[in-house]
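# Overview (structure and organization)
The residues making up each chain are set out below.
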Amino acid sequence: MTLLVHIFISTFSDALVVLFASFFSWDFELAGGVAGLASWSGATLIKALEERLIAKDLHSLYLKHH
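Here we summarise the structure given alongside this text. As the structure is a prediction and not an experimental result, all values here were calculated from the model. (Residues numbered from 1 in each chain as written. Predicted model: local features only at pLDDT ≥ 70, side-chain atom pairs only at ≥ 80, totals over all residues. Heavy atoms only, no water.)

A separate point is a nonpolar patch on the surface. Among the surface-exposed residues, F8, F12, L16, L19, F20, F23, F24, W26 and L30 lie close enough to one another that they form a single nonpolar patch of about 990 Å² accessible area. Per element, the largest residue contribution to the nonpolar patch is seven residues, and it comes from helix α1 (residues 2-24). Here F20 lies in helix α1. (Patch = residues over 30% accessible without salt bridge, like charges linked within 9 Å, V, L, I, M, F, W, Y side chains within 5 Å. Areas by Shrake-Rupley, 256 points an atom, 1.4 Å probe, with all protein chains shown as cover. Salt bridge = Lys/Arg side-chain N within 4 Å of Asp/Glu carboxyl O. Helix = DSSP H or I, 4+ residues; strand = E, 2+ residues; numbered from the N terminus.)

Shown next, in the form of structure tokens:
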């Protein structure tokens, strides 16, 4: 499931970059580089948020029981 979410986020961020690149008439090389960076950082951001939310949930569950 997590892999599918990462693929969706990466594809969505790439599509946004392609949209911006088309609108601003960027060179192909620049658009490709920015799309790759957006794809990688989007998946990394989601992973970091997921880990933080899981840690927060575990901490709140611990406080409820003690």
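As enumerated under the stated definition, the model contains three aromatic pairs in all. Taking 6.4 Å as the distance between ring centres and 15° as the angle between the ring planes, the aromatic pair formed by F8 and F12 counts as stacked. Highlighted residues: F8 and F12, both in helix α1, separated by four residues, approximately one helical turn. An angle of 20° between the planes, with centres 6.5 Å apart, marks the rings of F24 and W26 as stacked. An aromatic cluster of at least three residues, connected via ring pairs, comprises F23, F24 and W26. (Phe/Tyr/Trp six-rings, centres within 6.5 Å; stacked < 30°, edge-to-face > 60°.)

What follows covers α1. For α1, built from 23 residues, the straight-helix expectation of 33 Å at 1.5 Å per residue is met to within 8% by its first-to-last C-alpha distance of 33 Å. Among the residues of α1, those classed as buried are H6, S10, S13, V17 and A21. Two residues or fewer after α1 comes S25, characterised by a positive phi angle close to 55°. (Expected span 1.5 Å × (residues − 1). Buried < 20%, exposed > 50% of the residue type's maximum accessible area, 1.4 Å probe, protein only.)

With respect to the helices, strands and loops of the structure, S13 is situated in helix α1. Look at S13 and you get buried, because its relative accessible area is 13%. Of the polar contacts made by the side chain of S13, one reaches the backbone oxygen of S10; its length is 2.9 Å. If we ignore the near neighbours within four places in the chain, the residues touching S13 are A38 and S39. (Polar contact = N/O pair within 3.5 Å; in protein donor to acceptor, adjacent residues only side chain to side chain. Contact = heavy atoms within 4.5 Å.)

If you trace the backbone, V5 turns up in helix α1. The spatial distance from the C-alpha of V5 to the C-alpha of I46 is 8.8 Å, given a sequence separation of 41 residues.

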